[in-house]
Amino acid sequence: IRHVDTAAEYGTEGGVARAVRNSGIPRAEIFVNIKVAGESADELRNVISDVRRSWGDGPIDCLMLHRAPAAPEMLEQVWAVLEEEVRAGRARYLGASNLTSAQLEALTFDGRLQSLW
């Protein structure tokens, strides 16, 4: 398995995307996991738009919420943006990083998308 894990907050998106493109390995053979974060739905959409400029038009294998927004009431709205990416075919899977078990439960029991964890 070839796996690349990066995050928009690291500021390395462009370089990592170029390295994958220039590797000579077909993109379909590399699982790309990209962590994104935003304090609001609009901010997260902007972050994802920036990520897409680096990675191009193909779907991202796993789009992962890097951290919960500071305002707890924004978590579901931010997560809904990630779900939009899956429904639109721009991401295959969703993930979460640095969330508490209570935050994960809030996201897994609302019935919008089946969770994989």
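Relevant structure appears above.
For every chain, the first residue of its written sequence is number 1, and the numbers climb from 1 along that sequence. It should be noted that, the model being predicted, local features are given only for residues of pLDDT at least 70 and side-chain atom pairs only at 80 or more, the latter also being counted only at that level, while totals for whole chains, interfaces and linings use all residues. Note that water and hydrogens are dropped before the side-chain values are worked out from all heavy atoms of the structure.

Engineer: Any chance you could explain the nonpolar core here in plain terms?
Structural biologist: In summary, soluble globular proteins display a tendency toward joint burial of nonpolar side chains. Residues Ile34, Val36, Leu63 and Leu82 are the most contacted members of the largest nonpolar core, which totals 26 residues. Going through the elements one at a time, α1 (13-22), β2 (30-36), α2 (41-55), β3 (60-65), α3 (75-87) and β4 (91-96) are the ones with two or more residues in this core. At 6 residues, the largest contribution of residues to this core is made by α2. Any pair of residues with heavy atoms lying within 4.5 Å of one another is described as a contacting pair. Setting aside its immediate chain neighbours within four residues, Val36 contacts Ala8, Leu44, Val47, Ile48, Val51, Leu63, Met64, Leu65, His66 and Leu82. Here, nonpolar core refers to any group of buried Ala, Val, Leu, Ile, Met, Phe, Trp, Tyr and Cys residues whose side-chain atoms link them within 4.5 Å. Exposed residues in this analysis have more than 50% of their type's maximum accessible area, buried residues have under 20%, and partly exposed residues fall in between, with area computed by a 1.4 Å probe over protein chains only. Each helix corresponds to a stretch of at least 4 residues labelled H or I by DSSP, and each strand to a stretch of at least 2 residues labelled E; elements are numbered beginning at the N terminus.

Engineer: Before we go on, may I ask you to explain the pairing of β4 in this structure?
Structural biologist: Each regular strand displays side chains that alternate between the two surfaces of the sheet. In this scheme, strands are said to pair when DSSP sees at least two bridges between them. Across 5 bridges, β3 lies against β4 in parallel orientation. Residue Met64 lies in a different strand from β4, and its bridge partner there is Gly95. We call a crossover right-handed when, viewed with both strands directed away from the observer, the connection leading from the first strand over the helix to the second proceeds clockwise. Taking the sense of rotation as the criterion, the β-α-β connection linking β3, α3 and β4 turns out right-handed.

Engineer: Teacher, can you tell me more about the packing of α1 against α2 here?
Structural biologist: Two numbers describe a pair of packed helices, the interaxial angle and the distance between the axes. Orientation is described by axes fitted as lines to C-alpha atoms, over the contacting stretch for helices, and by angles from 0 to 180 degrees between their N-to-C directions. Running from N to C, α1 and α2 point in directions that differ by 30 degrees, and their axes come no closer than 8 Å. For the element pair α1 / α2, the angle class is roughly parallel. Handedness of the crossing formed by α1 with α2: right-handed. Facing Glu13, Gly14, Val16, Ala17, Val20 and Arg21 of α1, the residues of α2 in contact are Val51, Ser54 and Trp55. Working rule for angles: under 35 degrees goes down as roughly parallel, over 145 as roughly antiparallel, 65 to 115 as roughly perpendicular, anything else as oblique. Crossings are assigned a handedness: left-handed for a near helix turned anticlockwise from the far helix by less than a right angle, right-handed for a clockwise turn.

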